[in-house]
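Observations on the model geometry
As a plain string of letters, each chain reads:
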Amino acid sequence: SSVPTINLNDRHSIPQLGFGVFLVDPAEAERIVTDALQAGYRHIDTAAIYGNEEGVGAAIAKSGIARDELFITTKLWNTDQGTQSAHDAIDRSLEKLGLDHVDLYLIHWPTPERDLYVETWRALEQIKADGRTRSIGVSNFLREHLDRILAETDTVPAVDQIELHPALQSRELTSFAHSKGIAIEAWGPLGQGKYPLFDEPAVADAASAHGKTPAQVVIRWHLQHGNIVFPKSNHAERIAQNIDVFDFELTRDEMGAIDALERNGRVDKHPNEFN
Ligand code: NAD
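Residues numbered from 1 in each chain as written. Predicted model: local features only at pLDDT ≥ 70, side-chain atom pairs only at ≥ 80, totals over all residues.

The name given to the protein chain in an unreviewed UniProt entry is 2,5-diketo-D-gluconate reductase A, and the organism recorded there is Paramicrobacterium humi.

Spelled out as structure tokens, the structure:
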């Protein structure tokens, strides 16, 4: 496929563009993920809390695509933090997915009030060692949470999956992560449609200049910044559109104009407020 891969710090690699299934109705997940696989996506981002791992697994099984051509991520939910509960949680996720391993397993939120994420990270190290996941990472971790993982454990997360789009670029966190070899996955890459990003002249003008859609321009902006992205859509036409982004390149000026859309515009809770 034309999707480039990013090398992770553990010698595995990840397709830079995938398909996310947050808010994909469990009853429709099999059909929607089937559409994504048919459109050429080979990287799927789900989570235990999304409730749709079974549908994702059914689509994978039905596709006939070889397991080693797929990159599957799932995430450990907040209430499953802790040693034994983490081991149980990955087993439940694998069972629902119908897989013997995932490619990437993430702690979904740090939930610092629980003060369990370091212990949970050590459980993920074990889950990686025994082959139930190839890579391990974190999500919604701020600098202070990464600092504890780096100081108190032996494994640098392969990725930090954070809210990131033109209105919230988290540049300090992103450059710190990169300096430690942690790849950045951008969730909500299109701002979840909560900001009128597509109407911004910086986005709309680049779209008309290249004969692409505003969504394609924003996805391209992420890719050119080195972010791993997995935009979500329920519609086959948009699913196909969002992976059709490898036949054009944004200029320096177009990139800079989109960079200027930073406005600290978070679409969800601050990570320290999420429990
Ligand atoms: P997104 O930014 O991908 O926005 C999705 C929305 O954008 C769609 O519902 C649709 O309204 C619109 N859209 C998509 N394609 C379009 C197109 N071509 N044209 C016009 N509109 C279009 O938001 P998201 O789904 O929240 O983020 C992507 C993925 O990131 C999720 O599915 C999930 O896998 C992951 N995620 C992770 C976390 C986390 O806490 N780790 C949180 C949210 C999302």
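1. Concerning the overall build of the protein chain
Of regular secondary structure, the protein chain possesses 10 helices and 10 strands. Relative to the globule expectation of 19 Å for 275 residues, the C-alpha radius of gyration of the protein chain, 18 Å, shows essentially globular dimensions. Once the C-alpha set of the protein chain is aligned to its principal axes, its extents read approximately 55 × 40 × 30 Å. Within the protein chain, the fraction of its 275 residues that count as buried is 47%. Of all intrachain contacts in the protein chain linking residues separated by at least 6 positions in sequence, the fraction that spans at least 24 positions is 73%. (Helix = DSSP H or I, 4+ residues; strand = E, 2+ residues; numbered from the N terminus. Rg over C-alpha atoms; globule rule 2.2 N^0.38 Å. Buried ≥ 20, exposed ≤ 12 C-beta atoms within 10 Å, placed from the backbone. Contact = placed C-beta atoms within 7 Å.)

2. Describing the UniProt feature "active site" (unreviewed entry) in the protein chain
Within this structure's numbering, the places UniProt gives as "active site" (unreviewed entry) are Tyr 50. When you line up the elements, Tyr 50 lands in the loop between β4 (43-45) and α2 (53-63). Accessibility expressed as a C-beta count within 10 Å gives 21 for Tyr 50, which makes it buried. (UniProt positions renumbered as here; feature names shortened; annotations may be inferred.)

3. Observations concerning the nonpolar core
The biggest cluster of nonpolar side chains holds 74 residues, and the ones touching the most others in it are Val 21, Val 33, Val 56, Tyr 105, Leu 124 and Val 218. When sequence neighbours within four positions are dropped, the list of residues in contact with Val 21 reads Ala 29, Val 33, Ile 44, Asp 45, Thr 46, Tyr 50, Asn 52, Val 56 and Lys 232. (Core = buried A, V, L, I, M, F, W, Y, C linked by C-beta atoms within 7 Å.)

4. Re the pairing of strand β9 (residues 183-187)
Among the 5 residues that make up β9, 5 are buried, leaving the element largely enclosed by the rest of the structure. Covered by surrounding structure in β9 are Ala 183, Glu 185 and Trp 187 together with Ile 184 and Ala 186, the residues of both alternating faces. In the classification by handedness, the crossover that spans strand β8 (residues 159-163), the intervening helix α6 (residues 171-179) and the parallel β9 is right-handed. Where β9 lies against strand β10 (residues 228-229), 2 bridges are found, and the strand directions are parallel. Looking at the pairing, Ala 186 lines up with Val 229 of β10. (Right-handed = clockwise from strand over helix to strand, strands pointing away. Pairing = 2+ DSSP bridges.)

5. Some details on the confidence of the model for the protein chain
Segments scoring low in pLDDT should not have their predicted coordinates read at a detailed level. A residue-level look at the protein chain finds 100% of positions with pLDDT of 70 or above and a mean pLDDT of 97. Two summary scores accompany this predicted model of the complex, namely pTM at 0.98 and ipTM at 0.99. (pLDDT = per-residue confidence, 0-100.)

6. Re the packing of helix α4 (residues 117-129) against helix α5 (residues 143-152)
Relative orientation of the contacting elements α4 and α5 amounts to 55°, with a least axis distance of 10 Å. In terms of orientation, α4 lies oblique with respect to α5. In this structure, α4 meets α5 at a crossing whose hand is right-handed. Of the residues in α5, those touching α4 at Tyr 117, Val 118 and Trp 121 are His 145, Arg 148, Ile 149 and Glu 152. Taken together, the residues of the contact of α4 with α5 sort by class into 4 nonpolar, 1 polar and 2 charged. (Axes fitted to C-alpha atoms, helices over the stretch in contact; angles between N-to-C directions. Parallel < 35°, antiparallel > 145°, perpendicular 65-115°, else oblique. Left-handed = near helix turned anticlockwise from the far one by under 90°. Nonpolar A, V, L, I, M, F, W, Y, C, P; charged D, E, K, R; others polar.)

7. A few points about helix α8 (residues 214-225)
End to end, α8 covers 17 Å across 12 residues, agreeing with the expected 16 Å (1.5 Å per residue, within 8%). Within α8, 10 of the 12 residues are buried, which leaves the element mostly enclosed by the surrounding structure. Within α8, the full set of buried residues consists of Pro 214, Ala 215, Gln 216, Val 217, Val 218, Ile 219, Arg 220, Trp 221, His 222 and Leu 223. Those residues of α8 that are buried are in contact with β9, α7 (201-210), β10, α9 (236-243) and α10 (252-259). One or two steps after α8, the chain reaches Gly 226, where phi turns positive at roughly 90°. (Expected span 1.5 Å × (residues − 1).)

8. What about the pairing of strand β7 (residues 133-139)?
Along any regular strand the residues' side chains alternate between the sheet's two faces. For β7, the buried fraction is high: 6 of the 7 residues fall into the buried class. Sheet topology note: the strand β6 (residues 102-107)/β7 ladder contains 5 bridges and is parallel. Within β7, the residue paired with Ile 107 across the bridge is Val 138. Tracing the backbone out of β6, into α4 and back to the parallel element β7 gives a crossover that is right-handed. With 2 bridges connecting them, β7 and β8 associate as parallel partners.

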